[in-house]
Amino acid sequence: MSAPTPSRLLLAILLAWALATSSLARAQVVTLAEPVAVADDLATVFEKGSRLERERRWAEALTHYEDALRAHPARADLQQRVQVARAHYDVVRRYGDASFTKAVATLAERDALAIHDEVLLKIHGNYVHNPRWQQLLYSGLTNLEVALTEPAFLEKNLPNLPAERLVDLQRDLRQMVQARPADERQQALNLVQSIALSLKQTYGLPPQATILEFTSGATAALDEYSGFLTGSQMDEVFSQIEGNFVGLGVELKTEPAGLLIVSVITGGPAYMGGLRAGERILAVDGKTTAEVSPDTLADMLRGNENTQVEVLAQNSAGERRQMRLTRRRVEVPSVEDVKMLDREIGVAYFKLTSFQKSTSRDVDAALWKLHEQGMRHLVIDLRGNPGGLLKASVDVADKFVMDGLLVATRGRSPREDFDHRGQVAGTWRVPLVVLIDHDSASASEIFAGAIRDHRRGTVVGEKSYGKGSVQGIFPLAAANVGIRLTTAKWYTPSGQAISGAGVNPDIVVQVTNKPVDGARHLPATEDDPFIRAGLAAARNQQTARRP
């Protein structure tokens, strides 16, 4: 990938990611089911987690431990399991990524060290909190220790090292880190260089492999939203910003037996080839999960534009079919299911799936379409929306809020402090209902918080995720890699910090049944309890407006 232009970088710096929850505050409640059952006890949590680890199902293990940690946030043992599972997941993904393995094979030691130095400098200058260098160093140690247990790392970097020598390497590595403190950035850099040289001389471990693991670990130690990005991962990030990507046009869930298709983008290669939500991909280019991990299988679907991939699919009836699909650029819609829910009183609806570069334009198109159909009330569905561009969220909120502050960002550096105010005096005056759930995060929470604090509409659903931070994407000068750093926290117009707290709905919808995979992509109907509650809120608005 060519280096991103400055304009792409500025857009990326406004990118905000997703995922976290907290307790519900006082609000009107619509009860639709019994209270949620108490979670499995911790013994069961660790038993299941250990099984997933033994089977090397790291994506599932990470999700499992993160869910448990939300229920038991003070448990240090769960925090440790999250860190280790994330390290395994990251190592497997990196070494399944051709852009990264090529970098490891071709980088000189001085180039890898330049990457590490640049990363530490960017952390020092841009991260939202003062970095603790010793903590970052120990996280790098964890990353390398984890890598030394992963077959993909060993095959690439230490293919002929006897098992007993591997044990010696792991012992020496920990002793070297523990022997020297690193209270300053330069000390941390010097120690990593020294460790890389020693492991090369004694065990033949390529120094660039050592240095890049310490680099990845340092960024992972900052928070759950910061991290190291390979060239391919940077391409994915910029694709999300632009609202398009090269691929097949499917959303997948990794499973031990294959890849469950959660949704298919209409008009994309997968759709045109006949693949549909609910089907499974069992093999990619002849490889199955018996030979590679589900995450690697999913990564194999990626590739350059106009290249082909062979897929073995199975439908719900168990019927299998082989197909060859051509990867191409797919436009990802950020607005879906635009329609009237109640024509009699003019209740309109659309679902916002993400906030990307095209979202403001997509929302305008949906609004004018619904206006022509008699829209007098509007339900905007943000359930499952993980966020995206801060600017896109501000631009959409600006269409409905008359004036004033929409969101404020505050960082360690004064250049991150900014009050985002509306530029247009609320073009659309239509009464609003906004649907949120526990997976509505980041830019979704910015929008919902602005609507709630300005009393511009009724927020309905569950408490949102609680991801109240802004990430910047920083391509590195030394190689085609980058990092994602949390640069600021954001606050709603009333001054409420969303990080870890979320947005509280005005009307709470309580549900106990876990949604089936792909449920958020189903058309909105009154069978959906959130839609019922949203319609009721809109109808109440209609009643309240009558003279």
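No experiment lies behind these values; they were computed from the predicted model shown.

About the thresholds
Residues numbered from 1 in each chain as written. Predicted model: local features only at pLDDT ≥ 70, side-chain atom pairs only at ≥ 80, totals over all residues. Heavy atoms only, no water. Core = buried A, V, L, I, M, F, W, Y, C linked by side-chain atoms within 4.5 Å. Buried < 20%, exposed > 50% of the residue type's maximum accessible area, 1.4 Å probe, protein only. Helix = DSSP H or I, 4+ residues; strand = E, 2+ residues; numbered from the N terminus. Contact = heavy atoms within 4.5 Å. Salt bridge = Lys/Arg side-chain N within 4 Å of Asp/Glu carboxyl O. pLDDT = per-residue confidence, 0-100.

**Looking at the nonpolar core**
Counting 56 residues, the largest nonpolar core has L148, F153, L199 and F214 as the members making the most contacts within it. Per-element accounting of this core gives the leading share, 8 residues, to helix 10 (residues 185–203). The contact partners of F214, leaving out residues within four places of it in the chain, are H116, L137, G140, L141, L144, L173, V177, V192 and I195. If you look at the next biggest cluster of nonpolar residues, it comprises 47 residues, including L229, M340, F447 and I451.

**Structural notes on the side chain of S139**
As for its placement among the helices and strands, S139 is situated in helix 7 (residues 133–147). Judged by relative accessible area, which is 4%, S139 ranks as buried. For S139, the contacting residues outside a window of four places in its chain are Q83, G217, A218 and A221.

**Quick look at the pattern of salt bridges**
Applying the stated criterion across every chain yields a total of 28 salt bridges. One salt bridge connects D337 with K339, and the closest N-O pair in it is separated by 3.5 Å. Residue D337 is classed as partly exposed on the basis of its relative accessible area of 27%. As a salt-bridge pair, K351 and D381 come within 3.6 Å of each other at their nearest N and O atoms.

**Concerning the confidence of the model for the protein chain**
For the protein chain, the average pLDDT comes to 85, and 89% of its residues sit at 70 or higher. Here residues 1–39 is a poorly scored stretch, pLDDT under 50, and it has 113 contacts once near neighbours within four places are set aside; other chains count.

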